[in-house]
Amino acid sequence: MTNSDLYDVATVSGDAATTTADANAARNFGPTVLKLDGIVKTFPGVRALTDVTLDVLAGEVHALVGENGAGKSTLMAVASGALAPNEGTVQIGGAPLTSASPDEARELGLGIVRQDPALLPDLTVAENMAVGVGYKRVGGLGRAVAWSQRQLDGWEMGIDAKTRVIDLSVEQRFIVEIAKALALDPKVLILDEPTEHLSLEEVQKLFRKVRELVAGGTAVVYISHRIPEVKQIADRITVLRDGQVRGTFDADEVDESQIVERVIGRKLETVFPEKGSATGSVGADDRLAVTDLHSDEFHDITFAVKAGEIVGLAGVQGNGQTQLIRALAGLEPTTGTIAVGGTPISNGSNAAASAAGVVYVPADRHGEGVFLPLSVGDNIAAKTLPKVSRGGMVSERRIVQTAVEQIKRLAIKTPSPRTPISSLSGGNQQKVVLARTLLAKPTVLLAEEPTQGVDAGARVDIYRILRDAADSGAAVVILSSDGVELEGLCDRVLIMSRGSVVQELVGEEVSEAAIARAALTSTTVRERTDADKSARGVKLRRWMRGDQSPAAVLGAIFLLLGVVVAATNPSYLGAFNINNLLFMAAPLLFVGAAQQVVVLGSGFDLSVGPLMGFLVVLASYWIVDGGNLYVGIALMVAGAIATGVINGFLVTRFTINPVVVTLATYMALQGIYLALRSTPGGIIFGPIADQIQARIGIVPVVTIVAVVVLLVLEFALRRTRWGVELRGVGSRIDAAGRLGIKVKRTQFFSYVLCSFLVLPAAVIMMAQIGIGDGRPSLSYTLSSVTVVVLAGASIFGGRGSFIGILAAAFLVQQVLNVSPFLGLSQAWSYWLPGLITLAAAVLYAQLRRTRRRKRAVAGIPREPRTPIASPISSEGSAS
Amino acid sequence: MTTPTTTRSPSDAPTGGSAPAPNAVESTWRRMLSGSWVGIVVATALLFALSPIIAPGSLGAAPLLSMLPFASVLAIVAAGQTLVVQQRGLDLSVPGMIALAAVLSTGLPQNYGWPLWAAVIAGIVGPGIVGLVNGILVTYFRVMPLVVTLGMNAVLLGTVFFVADGTPSGAPAALNGFALDRTLGIPNTLLIAVVIVVIAGLVTQRSIIGKRLTAVGVSERAAAALGIRVNAYQMFAYAFAGLCYGAGGVLLAGYTKTPALFLGDSYLLPSVAAVVLGGTALTGGLASVVSTGIAALFLTQLGQLLRSVGWQDALQLIAQAVVLIGVVLLRELVPGLLRRRAAHRASSRESPPA
């Protein structure tokens, strides 16, 4: 099948398109460099792509346009190897993409800049670039900073290659992503909604780069829903709607309205019910009245919505609309008044808003709208449980009864009310959300992007439902990025820009063109809030945010505590006590480092304590008077590595929750050593124990060894590929996978290394207790966690420092050593570690939270919180 | 190969026809293995059927009566753990909670002269309050449940040491008598466990509170969007769990007469194992307290059986760990295998209808 054949099919299918194949031939583009043939992709319940065929030629800018949810991003995920298609083939530069592998696509010459940049937030820009383009290309990690800086300087965005990505603004992150893709000299470059976060000036900068690239023979796929921009940059335009190609056109031969018609694919009049302002069903009194509402993201908001009225919120994404509608639902903290039916409701309380009759239909349907594992019936009844229950007890029968009524009323396509909602299509899931909403008889109905990702048929029904809700007396607020939808539904539209309402369109003024104009003209310039740039300020702040600042604080507390106690009791500084302190700190250093290694890779290991006991008991059979030392050591090494392998294997191969796996190994190891030695036995060979306890001056040798090991680990963490990848995996597991880091292998080895680091701790404990007994080891599990938490590591992985572990371990031991000098009872030996752990965890959680809030003010999305107590998701969800 | 422009999205067809015929088999398996009581009931019935064959006489009155009190305590404790797991947490403070309950109900009367009733209430409410603190730290202070409960466990053990002043106390005779006594031939501990598990089961499964707890466990964000007080429900879960641990701890203290200070240590893994065996996913959401209770019976009987064939207590720990990992693996692997087989069958049957 030839190129032009396919092309014809596409054109024919787009009903009235002219035959552009001839025109194409006249324009001297190069050969096809990206060829997608018959791509079909389905997700549970949704058919995202149906038989999509696309040819992209060398030297052209090929735009892919379509609404949200039309399948643009899914198609490009298939092209870039991030998703495997159910059917169809991908060819890049003439070579077929044999498996869904981002690495392979990259090798073949495909670069992609995603809407959601694949960046590892806790790593620096330079480290990100090194991971993204390959260590060889940047000349090794050592040269990554200089290399990255060169790539970024051309953009004049003030990006420092040593900054962490998490501290960059959204547009800076985007430029990093683009620079990363360009550094690979791709044959095909995919830009997915590249201008979403850029200012006008930056958009022009980007366009200049794109033209340079194309002139050099690169093909650029430009995905956007901004038609004017597309007209400006594209050579050819392919329209995608509902997962199908609706035609490919020469950019010169179609005008905006023709494109829009194909993108939307429907006639306005037939779709929308008549407006309330037209039929006169709008009430007289204000149902929702907002006065002087303020938050971090918007200010001075005052407006009112009458019963029966539908008011739209519009504006370019990220101008405070989302936060405003969520604030009305009580999901964001605010100051000012929100009154429902004349009564003010307490700010920032979702329960108060709900009790006043405010119902919110969220945009993120999977994350916020539905309860995926629950049945359709449970989802429908979730908000109105008291109506289906008596005396606080819910009746299943009445849930099903209610659900059946609603299913019939809203024409929800589901096999039964007991079907899990996850198996329904997007449109039907949204109808379930609306059914739930209507059952609550809302006084105020807030709908955010109510038809996103919904197929055309269901869309019509949803418009009807929203109108009916208004007609039955609700005040309705709709936030939508779809101007057509706002035009068709709303009696009034408020345009938001930079956090305030800048314009109100009423009656006849409400049209898609007016909405777009108002939104775009008011936001052409984005303000850039540059904090003070003085070199010292920046350096200090970077250090404060860095991984090493907790270590300094802990070190200071360590010294302070020592000085205070020594002042009251001089024997504290005696050689015996110092030697003891340093010696006892050594096993803490090792188990702390061990725990740190797994936590960095967003894992967890509860089994470190009993593993020490198990190894000591193993040793107590051989490292005794007349035993064989080497067999003993070999057994210990084997036991440690075997434990790590089992933990790592179960966690990574079967994606079992690491806490459960290591809790099981915790118990099993404990069982084994108790089975071997139910009472202490096997005196450790004296000379060996003495050797382990050898010291130089008053400093034990093992402590020196431990410090050296930690310093080596710290160096490796910063300067080697292992360290970068481990932090990358812990930082954002999905992005790490997309960047080609072997996520599972990295995590597997983190468990093995962890267990291996427990080995020296076991050796020290063996010398210290001098007999085969596992029981004293159990407390080391808590100690290891205490040390890691104190060291200020992000317990969600990705950040942390072994210097911090060093300081934390010494501090913990100092605290334990101090207590007898202060005459504290034995209960304190439990209280202190527990209280320190809790206090440090609370403190760091608060610090993180204030930082996150600050970042939110700067318009940077929150870091995804993937608690380690949930299993690693092996498949990324479809966006 | 035409693309008609008038078609609506084919997604209206349910599930896109990816797994047609073996659906029934697969869903039965899945139901057996996750979030349902069928699997554990079958397993428990099998275990009891096999018991007399493996160890003759192991179903006699004496062994049963010695096993049931321990199963009862585990069932009560695991009911609490179920609630925490439902909220995507994992409660590692179980040992400390049980020890606290035991030391309060035994130590307070002996060392401080409290009346028994007050000591028992303190033993139940004390852990409940600690559970509430756990909940506050998890919800308002956003600390990971694992770190909170691990740290809290150490704090609790310190408190136990402090209250007991280092030496275990004997349970008051009345408490001991009650725990050992039988009503109509049924051990009192079992009766209490049944009452607690049934009440907890009804509340969590059938009441409005329970439905909302499930909603919060499935998705905090979706629950918040509905107007549910997410933090309040999560705190309730932790506090209720604390009450369960307290009740379990008091009963255990009464039954063992002179409870060791750290008698709770051996209940941590079994409580987690019972939750997992009962079909509650560790990812939160759907949970069944009653299934957990049956799983507690299963685990205790398994232990009893192993003991009667001569396994020492240390080996029991290994057995429990193996059972836990085995069940998790089974649940992880079987649906995957079935799906693969279904996909294989579907693809070999030539293109399914679009």
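This structure is a prediction, so every number in the text was calculated from the model and none was measured.

**Remarks on the overall build of chain A**
(1) Moving on: Tallying secondary structure elements over chain A gives 36 helices and 26 strands in all.
(2) Moving on: For chain A, the proportion of its 879 residues judged to be buried stands at 60%.
(3) Moving on: Within chain A, contacts between residues separated by at least 24 positions form 73% of all contacts whose residues are at least 6 apart in sequence.
(4) Moving on: On chain A, roughly 33,900 Å² of surface is accessible, and the fraction owed to carbon and sulfur atoms is 58%.

**Structural notes on the overall build of chain B**
(1) Moving on: On a plain count of helices and strands, chain B comes out with 14 helices and two strands.
(2) Moving on: A buried classification covers 56% of the 354 residues belonging to chain B.
(3) Moving on: If you take every contact in chain B between residues at least 6 apart in sequence, the share linking residues at least 24 apart comes to 79%.
(4) Moving on: A total accessible area of about 14,200 Å² is found for chain B, and carbon and sulfur atoms account for 69% of it.

**Here's the deal with the sheet that holds strand β15 (residues 343–344) of chain A**
Remark on secondary structure: sheet strands pair via backbone hydrogen bonds, oriented parallel or antiparallel.
All names here are of chain A.
(1) Moving on: Taken together, the four strands give an open sheet; going across it, the order is β12-β11-β14-β15, and neighbouring strands pair in antiparallel fashion. In this open sheet, the two edge strands, each paired with only one partner strand, are β12 (301–306) and β15.
(2) Moving on: Packed on one face of the sheet, helix α14 (residues 321–328) meets β11 (286–294), β12 and β14 (335–340) and runs near 120° to β11.

**Quick look at the confidence of the model for chain B**
Residues and elements named next belong to chain B.
(1) Moving on: Per-residue confidence for chain B gives a mean pLDDT of 81; residues scoring 70 or more make up 84%.
(2) Moving on: In this model, residues 1–22 is a region of pLDDT below 50 whose contacts with residues beyond four sequence positions or in other chains number 35 contacts.
(3) Moving on: Contacts from residues 349–354, a stretch scored under 50 in pLDDT, to residues over four places away or in other chains number four contacts.
(4) Moving on: Across the interface, the model reports ipTM at 0.82; the global pTM reads 0.79.

**Some words on the packing of helix α3 (residues 61–86) of chain B against helix α13 (residues 289–308) of chain B**
Residue and element names in this part refer to chain B.
(1) Moving on: In contact at an axis separation of 8 Å, α3 and α13 are set at 140° when each is read in the N-to-C sense. As the angle between them shows, α3 and α13 are arranged oblique. Classified by chirality, the crossing of α13 by α3 is right-handed. Only Val289, Thr292, Gly293, Ala296, Leu297, Leu299, Thr300, Gln301 and Gln304 of α13 make contact with α3, whose side of the interface consists of Pro63, Leu64, Ser66, Met67, Leu68, Phe70, Ala71, Leu74, Ala75, Ala78, Ala79 and Thr82.
(2) Moving on: In terms of residue class, the contact of α3 with α13 is made up of 14 nonpolar, seven polar and no charged.

**Overview of empty space enclosed by the protein**
All names here are of chain A.
(1) Moving on: In total, this model carries eleven cavities of 30 Å³ or more according to the counting rule given.
(2) Moving on: Of the volumes computed, that of the largest cavity is approximately 220 Å³.
(3) Moving on: In this structure, the largest cavity is lined by 17 residues; those nearest its centre are Arg106, Ile112, Arg114, Leu184 and Arg738.
(4) Moving on: Elements with a minimum of two residues in the lining of the largest cavity: α4 (102–107), β6 (110–113) and α8 (170–182).
(5) Moving on: Ranked by residues supplied to the lining of the largest cavity, first place goes to α4 with four residues.
(6) Moving on: Of the residues assigned to the lining of the largest cavity, the class counts are eight nonpolar, three polar and six charged.

**Examining the interface of chain A and chain B**
(1) Moving on: Each partner contributes residues to the interface: chain A has 86 residues there, and chain B has 73 residues.
(2) Moving on: Counting the surface lost from both chain A and chain B, the interface buries some 7,000 Å², and carbon and sulfur atoms represent 72% of this.
(3) Moving on: It is Phe371, Met667 and Tyr830 of chain A in chain A that bury the most area against chain B; as a group they hold 9% of the surface buried on that side.
(4) Moving on: Linking chain A with chain B are five salt bridges, by the criterion used here.
(5) Moving on: Close ionic contact of glutamate 396 of chain A with lysine 211 of chain B constitutes a salt bridge, the shortest N to O distance being 3.0 Å.
(6) Moving on: Counting across the chain A and chain B interface gives twelve residue pairs in polar contact (both at pLDDT 80 or more).
(7) Moving on: Residue contributions to the side of chain A that touches chain B peak at twelve residues, all from helix α28 (residues 658–676) of chain A.
(8) Moving on: Tallied by class, residues from the side of chain A that touches chain B come to 49 nonpolar, 22 polar and 15 charged.

**Observations regarding the confidence of the model for chain A**
Residue and element names in this part refer to chain A.
(1) Moving on: Summary statistics for chain A give a mean pLDDT of 80 and a share of 86% for residues scoring 70 or more.
(2) Moving on: Across residues 523–534 the pLDDT falls below 50, and counting only partners more than four positions away or on other chains, this stretch makes 17 contacts in the model.
(3) Moving on: When the criterion is pLDDT under 50, residues 855–879 qualifies, and its contacts beyond four places in sequence or with other chains add up to 45 contacts.

**Details of helix α7 (residues 141–153) of chain A**
Residues and elements named next belong to chain A.
(1) Moving on: The end-to-end C-alpha distance of α7, which contains 13 residues, comes to 19 Å, matching closely the 18 Å that a straight helix rising 1.5 Å per residue would cover.
(2) Moving on: Among the residues of α7, Leu141, Ala144, Trp147, Ser148 and Leu152 are the ones counted as buried.
(3) Moving on: Each element contacted by the buried residues of α7 is listed here: α5 (125–133), α6 (135–138), α8, α30 (701–719) and α31 (721–731).

**Brief notes about the sheet that holds strand β13 (residues 310–314) of chain A**
Residue and element names in this part refer to chain A.
(1) Moving on: What the six strands build is an open sheet, ordered β16-β19-β20-β13-β21-β22; its pairing is mixed. Both edges of this open sheet fall to β16 (358–361) and β22 (500–506), since each of them pairs with a single strand only. Mean inter-strand twist for the sheet, computed between neighbouring axes without regard to direction, equals 20°.
(2) Moving on: In this sheet, strand β20 (residues 475–479) lies alongside strand β19 (residues 444–448) in parallel orientation, the contact comprising five bridges. When the bridges of β20 are listed, leucine 445 appears paired with valine 476.
(3) Moving on: Here α14 sits on the sheet and contacts β13, β16, β19, β20 and β21 (492–497); the angle it forms with β19, its principal contact strand, is near 150°.
(4) Moving on: Helix-sheet contacts for helix α19 (residues 426–439) involve β16 and β19, and the interaxial angle to β16 is about 180°.

**Some points on the domain arrangement of chain A**
(1) Moving on: When cut into domains, chain A gives domain 1 (31–264), domain 2 (276–357 + 441–521), domain 3 (374–437) and domain 4 (544–851).
(2) Moving on: Look at where the C-alpha atoms of domain 1 of chain A and domain 2 of chain A centre, and you get two points 34 Å apart.

**A look at the UniProt feature "transmembrane region" (unreviewed entry) in chain B**
Residue and element names in this part refer to chain B.
(1) Moving on: Within this structure's numbering, the places UniProt gives as "transmembrane region" (unreviewed entry) are residues 37–55, 61–80, 92–108, 114–136, 143–164, 184–203, 235–255 and 267–299.
(2) Moving on: In this annotation, residues 61–80 is assigned 100% helix and 0% strand; the end-to-end C-alpha distance for the span is 29 Å.
(3) Moving on: Between the C-alpha atoms that bound residues 92–108 the distance is 25 Å, and the span itself is 88% helix and 0% strand.

**Overview of the nonpolar core**
All names here are of chain A.
(1) Moving on: In this structure, Leu615 and Phe802 are the most contacted members of the largest nonpolar core, which totals 180 residues.
(2) Moving on: Setting aside chain neighbours within four positions, we find leucine 615 in contact with Met636, Gly639, Ala640, Leu759 and Ala762.
(3) Moving on: Counting residues in hydrophobic clusters, the runner-up holds 64 residues, among them Met157, Leu213, Val239 and Phe249.

**Overview of the side chain of asparagine 134 of chain B**
(1) Moving on: Positionally, asparagine 134 of chain B belongs in helix α5 (residues 116–139).
(2) Moving on: Sequence-distant contacts of asparagine 134 of chain B, defined by excluding residues within four places in its chain, comprise Asp91, Ser93, Met97, Val148, Thr149, Met152 and Tyr238 of chain B.

**Observations concerning the pattern of salt bridges**
(1) Moving on: Scanning all chains against the criterion turns up 24 salt bridges over all chains.
(2) Moving on: When the shortest N-O distance is used, the salt bridge between arginine 236 of chain A and glutamate 60 of chain A registers 2.8 Å. Within this pair, whereas arginine 236 of chain A is found in strand β9 (residues 236–241), its partner glutamate 60 of chain A is found in the loop between β2 (46–57) and β3 (61–65), the two being separated by 176 residues in sequence. Taken as a pair, arginine 236 of chain A and glutamate 60 of chain A share a single burial class, namely buried.
(3) Moving on: As a salt-bridge pair, aspartate 313 of chain B and arginine 307 of chain B come within 3.3 Å of each other at their nearest N and O atoms.

**Some remarks on the environment of isoleucine 208 of chain B**
(1) Moving on: Relative to the helices and strands, isoleucine 208 of chain B resides in helix α9 (residues 208–218).
(2) Moving on: Taking C-alpha positions, isoleucine 208 of chain B is 32 Å from tryptophan 117 of chain B, a pair spaced 91 residues apart along the chain.
(3) Moving on: Leaving out residues up to four positions away in the same chain, isoleucine 208 of chain B has contacts with Leu385, Pro386, Ser389, Gly392 and Val394 of chain A.

Definitions and limits used
Residues numbered from 1 in each chain as written. Chains lettered and ligands numbered in written order. Predicted model: local features only at pLDDT ≥ 70, side-chain atom pairs only at ≥ 80, totals over all residues. Heavy atoms only, no water. Helix = DSSP H or I, 4+ residues; strand = E, 2+ residues; numbered from the N terminus. Buried < 20%, exposed > 50% of the residue type's maximum accessible area, 1.4 Å probe, protein only. Contact = heavy atoms within 4.5 Å. Areas by Shrake-Rupley, 256 points an atom, 1.4 Å probe, with all protein chains shown as cover. Pairing = 2+ DSSP bridges. Axes fitted to C-alpha atoms, helices over the stretch in contact; angles between N-to-C directions. pLDDT = per-residue confidence, 0-100. Parallel < 35°, antiparallel > 145°, perpendicular 65-115°, else oblique. Left-handed = near helix turned anticlockwise from the far one by under 90°. Nonpolar A, V, L, I, M, F, W, Y, C, P; charged D, E, K, R; others polar. 1 Å grid on protein atoms, 1.4 Å probe; cavity = no way out; pocket = protein on both sides within 12 Å on 5 of 7 lines; lining within 4 Å. Points joined across faces, edges and corners; volume = space filled by probe spheres on them. Buried area = accessible area lost by both parts, 1.4 Å probe. Salt bridge = Lys/Arg side-chain N within 4 Å of Asp/Glu carboxyl O. Polar contact = N/O pair within 3.5 Å; in protein donor to acceptor, adjacent residues only side chain to side chain. Expected span 1.5 Å × (residues − 1). Domains from an automatic or database assignment. UniProt positions renumbered as here; feature names shortened; annotations may be inferred. Core = buried A, V, L, I, M, F, W, Y, C linked by side-chain atoms within 4.5 Å.

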